[in-house]
Amino acid sequence: MKHILYIAAAFLTAAIFTGCSPKGAEPLHAGTVVRDTLNGTPCCVYLPENYRKVPSTKYPVLYLQHGMYGNEDDWTKQGRLVEIMDSLLQAGEVKEMVVIMPDNCPARPTSDEEKANAMTGEWERLFPQFMAEAEAEYPISNEPSERAIAGLSMGGFHTMHVSHHLHGQFAYVGLFSAAILPLDPNPIYNHWEEEVKEQMKTTKLYWIGIGKDDFLYSFNEEYRRWLDANHLEYTYYESAGGHTWDNWQDYLCRFLPKIFK
Ligand code: FER
């Protein structure tokens, strides 16, 4: 019995001191995920352990988006969001925050032939009303310095384009294996160059992560070349592997401690 206790204690300590170890160590379940619908969009919402509906100050908020054939459950199921957030909170590496995970795909494609449906500008157009409803429903900040947006693949594409379209509104931006450029011209996307330059004036962290074998690698490389040519600052992390949940968990673990600092 004593041995079992020692082993359990060792796992718990490892979970706390490695900061964020999505695999292996027992997760510390402390936060809660609730389901909601905001502006007609289904969402999962992570509320930290000490969440209060009426806190003394509003919580910072991360809008975290899924990839092309996914939905609002992906970050909690395959992304292990709760385990990651809770263990980083336990280790004191992140601020308490609310994480809103919307179904960021108003017209879900069912095949690669329909992928343009996911990048029509509709989500970017809806986003201000979506955030307004989130801010009415949860005690979250509407200060740009207390707002972050991130996402994987198609959700990274939405992160890039929501954040330049609404430039000045997010201090922290995370592109995880992001699709970069739109497939079709569109009034929301057409001015991305000028708008990204504008957004960078107020962005505290523009974080780009991609795996060496990712099929979107060359698009990220080309985008980084454009950022470099325009002297726009970003943080770059290149991992092994490709378009996988192992990588997206890893990127989330690296991104979270850098936001709201
Ligand atoms: C593409 C651009 C983006 C594509 C897929 C994506 C299949 C996104 C994938 C995802 O969100 O996982 O050209 O082709």
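What you are looking at is a predicted structure, and each value in this text was computed from that prediction instead of being measured.

A.B. asks: Can you help me understand the side chain of Gln 65 in this one?
C.D. replies: Considering the arrangement of structural elements, one finds Gln 65 in strand S3 (residues 61–65). Assessed through its relative accessible area of 0%, Gln 65 is described here as buried.

A.B. asks: Would you explain the sheet that holds strand S5 (residues 147–152) in this entry?
C.D. replies: Paired through backbone hydrogen bonds, the strands of a sheet run either parallel or antiparallel to each other. Spatially, the eight strands line up as an open sheet ordered S1-S2-S4-S3-S5-S6-S7-S8, and their pairing is mixed. The open sheet has two edge strands with one neighbour each: strand S1 (32–38) and strand S8 (235–239). Each neighbouring strand pair of the sheet contributes to a mean axis angle of 15 degrees, computed without reference to strand direction. Along the sheet, helix H7 (residues 217–229) contacts strand S6 (172–176), strand S7 (205–211) and S8; its crossing angle with S7, the most-contacted strand, is approximately 150 degrees.

A.B. asks: Looking at this structure, how should I read the packing of helix H3 (residues 81–90) against helix H8 (residues 245–255)?
C.D. replies: Here H3 crosses H8 at 30 degrees, and the two axes come no closer than 11 Å. Accordingly, the angle class assigned to the pair H3 and H8 is roughly parallel. The element H3 and its partner H8 pack so that their crossing is right-handed. For the pair formed by H3 and H8, the contact residues are Leu 81, Ile 84 and Leu 88 on the first element and Gln 249, Leu 252 and Cys 253 on the second. Its residues placed into classes, the contact of H3 with H8 shows five nonpolar, one polar and no charged.

A.B. asks: It is not clear to me how the site of the ligand should be interpreted in this structure. Could you clarify?
C.D. replies: Around the ligand sit Gly 67, Met 68, Asp 112, Lys 115, Met 119, Ser 153, Met 154, Ala 179, Phe 215 and His 243, and that is every residue in its neighbourhood. Between the ligand and Lys 115, the relevant distance is 3.0 Å, taken from an oxygen atom to a side-chain nitrogen or oxygen of the residue. Taken by itself the ligand offers 370 Å² of open surface, and the protein chains cover 80% of this. A breakdown of the residues in the shell around the ligand according to their chemical character gives five nonpolar, three polar and two charged.

A.B. asks: Before we go on, may I ask you to explain the pattern of salt bridges in this structure?
C.D. replies: A pair can form between side chains of opposite charge whenever their charged atoms are brought close. Summed over all chains, the structure comprises 11 salt bridges. The salt bridge involving Glu 135 is made with Arg 147; its shortest N-O contact spans 2.8 Å. Residue Glu 135 is found in helix H4 (residues 122–137), and its partner Arg 147 is found in strand S5; the two are separated by 12 residues along the sequence. Put simply, Glu 198 and Lys 201 hold a salt bridge, and the shortest N to O gap is 3.0 Å. One salt-bridge network, in which partners are shared between bridges, spans Arg 35, Glu 72, Asp 73 and Lys 77.

A.B. asks: I would appreciate a short explanation of helix H6 (residues 192–200) in the present structure.
C.D. replies: Structural remark: α-helix, 3.6 residues per turn; residues separated by three or four positions point the same way. Within H6 the residues assigned to the buried category are Trp 192, Glu 195, Val 196, Gln 199 and Met 200. In an axial view of H6, the angular spread of the buried residues amounts to 135 degrees, which keeps them on one side of the axis. The inward-facing, buried residues of H6 abut helix H5 (154–165), S6, S7 and H7.

A.B. asks: It is not clear to me how H3 should be interpreted in this structure. Could you clarify?
C.D. replies: Of all 10 residues in H3, eight are buried; the element is thus mostly enclosed. Residues Leu 81, Val 82, Glu 83, Ile 84, Met 85, Asp 86, Ser 87 and Leu 88 constitute the buried set of H3. Trailing H3 by a residue or two, Gly 92 shows a phi angle of about 70 degrees, which is positive.

A.B. asks: Explain the pairing of S7 here, please?
C.D. replies: Two faces belong to every sheet, and in a regular strand the side chains alternate between them. Most of S7 sits out of view: seven of its seven residues are buried. Both faces of S7 are covered, namely the face carrying Leu 205, Trp 207, Gly 209 and Gly 211 and the face carrying Tyr 206, Ile 208 and Ile 210. With H6 bridging S6 and its parallel neighbour S7, the resulting β-α-β unit is right-handed. Where S7 and S8 come together, five bridges link them in parallel fashion. When the bridges of S8 are listed, Trp 207 appears paired with Thr 235.

A.B. asks: Looking at this structure, I do not really get the packing of H4 against H5. What am I missing?
C.D. replies: Each pair of packed helices gets described by two things: the angle between the helix axes and the distance between those axes. Packing of H4 against H5 leaves a shortest axis separation of 9 Å and a crossing angle of 55 degrees. As far as their axial angle goes, H5 and H4 are oblique. Like other packed secondary-structure pairs, H4 and H5 cross with a definite hand, here right-handed. Contacts between H4 and H5 involve Trp 123, Glu 124 and Phe 127 on the former and, on the latter, Phe 157, His 158, His 161, Val 162 and His 165. Split into classes, the residues belonging to the contact of H4 with H5 amount to four nonpolar, three polar and one charged.

About the criteria used
- Residues numbered from 1 in each chain as written.
- Predicted model: local features only at pLDDT ≥ 70, side-chain atom pairs only at ≥ 80, totals over all residues.
- Heavy atoms only, no water.
- Helix = DSSP H or I, 4+ residues; strand = E, 2+ residues; numbered from the N terminus.
- Buried < 20%, exposed > 50% of the residue type's maximum accessible area, 1.4 Å probe, protein only.
- Pairing = 2+ DSSP bridges.
- Axes fitted to C-alpha atoms, helices over the stretch in contact; angles between N-to-C directions.
- Contact = heavy atoms within 4.5 Å.
- Parallel < 35°, antiparallel > 145°, perpendicular 65-115°, else oblique.
- Left-handed = near helix turned anticlockwise from the far one by under 90°.
- Nonpolar A, V, L, I, M, F, W, Y, C, P; charged D, E, K, R; others polar.
- Near = heavy atom within 4 Å.
- Polar contact = N/O pair within 3.5 Å; in protein donor to acceptor, adjacent residues only side chain to side chain.
- Areas by Shrake-Rupley, 256 points an atom, 1.4 Å probe, with all protein chains shown as cover.
- Salt bridge = Lys/Arg side-chain N within 4 Å of Asp/Glu carboxyl O.
- Arc of directions from axis to C-beta.
- Right-handed = clockwise from strand over helix to strand, strands pointing away.

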